[in-house]
Amino acid sequence: IKVDNPPPLPSLNEDEGEHAAKYVFLRTVQYKDGEPYGIVNLHLASDIYERDPNAFLQRTALSVLAGWKDVDIRHAHQTVVIGSANPTTADFLRIALGTPTAECRCVAIDGKGVAIYVADITYRSEVIQLHIDLLANSRGPQRRSDRSRLPAETARPQNRSAGPRASRLRLLSS
């Protein structure tokens, strides 16, 4: 989707690394079975984008990055906030103005402390399911099946292997 005058740099919070020298801005609408379920506004470090621009235009950027073993991602996190559809979001996602949405912020920081991937993604509310194990960090006795669990700190789409993580963000549409 063409965006007139996109911001040249993403806004970064204190814990989201330093800016890259230059970014490429990409906006896409994600579809499943012909129905839109998410809008992605992505700032991708231009040196990363230039390695294979076609890959980033044909596949999700995070899956492209994950496939590159020579890219050193030291930290990545996702924050989810429940919001509501503004006029642009409602139009792209084909939902009513004010409909609940899940607003996700995903940041990947490389070994030099540079935010190489900064995405603000808005999902239709019905495609998101948040699962949080409230006892993941408890000191009480653990059941045998829970011994391999990791602390609740990550979110993953539903149809990918979530492994033994205690917290998952499930994208019901993908």
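The structure contained in this document is the topic of the report that follows. Model, not experiment: these values are computed from the prediction.

Criteria and cut-off values
Residues numbered from 1 in each chain as written. Predicted model: local features only at pLDDT ≥ 70, side-chain atom pairs only at ≥ 80, totals over all residues. Heavy atoms only, no water. Salt bridge = Lys/Arg side-chain N within 4 Å of Asp/Glu carboxyl O. Helix = DSSP H or I, 4+ residues; strand = E, 2+ residues; numbered from the N terminus. Buried < 20%, exposed > 50% of the residue type's maximum accessible area, 1.4 Å probe, protein only. Pairing = 2+ DSSP bridges. Axes fitted to C-alpha atoms, helices over the stretch in contact; angles between N-to-C directions. Phe/Tyr/Trp six-rings, centres within 6.5 Å; stacked < 30°, edge-to-face > 60°. Lys NZ or Arg CZ within 6 Å of the ring centre and 35° of its normal. Core = buried A, V, L, I, M, F, W, Y, C linked by side-chain atoms within 4.5 Å. Contact = heavy atoms within 4.5 Å.

### Comments concerning the pattern of salt bridges
- By the definition in use, this model includes seven salt bridges.
- Notably, a salt bridge pairs D70 with R51, separated by 2.8 Å at the nearest N-O pair. Of this pair, D70 sits in the loop between helix 3 (61–67) and strand 3 (73–84) while R51 is found in the loop between helix 1 (46–49) and helix 2 (53–58), placing the two residues 19 residues apart along the sequence.
- R51 sits in the partly exposed class, given a relative accessible area of 41%.
- One salt bridge in this structure joins D72 and R74, with 2.9 Å as the shortest N-O distance.
- Residue D72 is classed as partly exposed on the basis of its relative accessible area of 35%.
- The class of R74 is exposed, set by a relative accessible area of 60%.
- Linked through salt bridges whose partners overlap, the residues forming this network are E16, R105 and D120.

### A look at the sheet that holds strand 3
- Ordered in space as 1-2-5-4-3, the five strands form an open sheet in which the pairing is antiparallel. The sheet is open, and its two borders are formed by strand 1 (23–32) and strand 3, each paired with just one other strand. The mean inter-strand angle of the sheet, taken between neighbouring strand axes irrespective of direction, is 15 degrees.
- Pairing of strand 1 with strand 2 (residues 35–45) involves ten bridges; the strand directions are antiparallel. For T28, the partnering residue across the bridge sits in strand 2 and is V40.

### Considering the pairing of strand 2
- When you tally the buried positions in strand 2, you get ten out of eleven residues, the bulk of the element.
- Linking two consecutive strands that pair antiparallel, namely strand 1 and strand 2, is a turn of two residues; a positive phi of about 50 degrees is found at D33 within it.
- Note that strand 2 and strand 5 (residues 115–124) share seven bridges and pair antiparallel. Looking at the pairing, V40 lines up with I121 of strand 5.

### Some thoughts on the packing of aromatic side chains
- Inspection of every chain in the model, using the stated rule, returns three aromatic pairs.
- Taken together, a centroid distance of 6.3 Å and an interplanar angle of 5 degrees make the contact between Y37 and Y123 stacked. Placement of Y37 in strand 2 and of Y123 in strand 5 is noted, with a sequence separation of 86 residues between them.
- Here Y123 falls in the buried class, since its relative accessible area comes to 10%.
- Within the aromatic cluster, the residues linked to one another by ring pairs are Y49, F56 and W68.
- Over the aromatic face of W68 sits the side chain of R51, whose NZ or CZ is 4.2 Å from the ring centroid.

### A closer look at the nonpolar core
- I48, F56 and Y117 are the most contacted members of the largest nonpolar core, which has 34 residues in total.
- For this core, the secondary structure elements donating two or more residues are strand 1, strand 2, helix 1, helix 2, helix 3, strand 4 (100–110) and strand 5.
- The greatest single-element share of this core, amounting to seven residues, is contributed by strand 5.
- With sequence-adjacent residues up to four places away left out, F56 is seen in contact with L26, L44, I48, Y49, A61, V64 and W68.
- Of all hydrophobic cores here, the second largest spans five residues; its members include I39, A85, L93 and I95.

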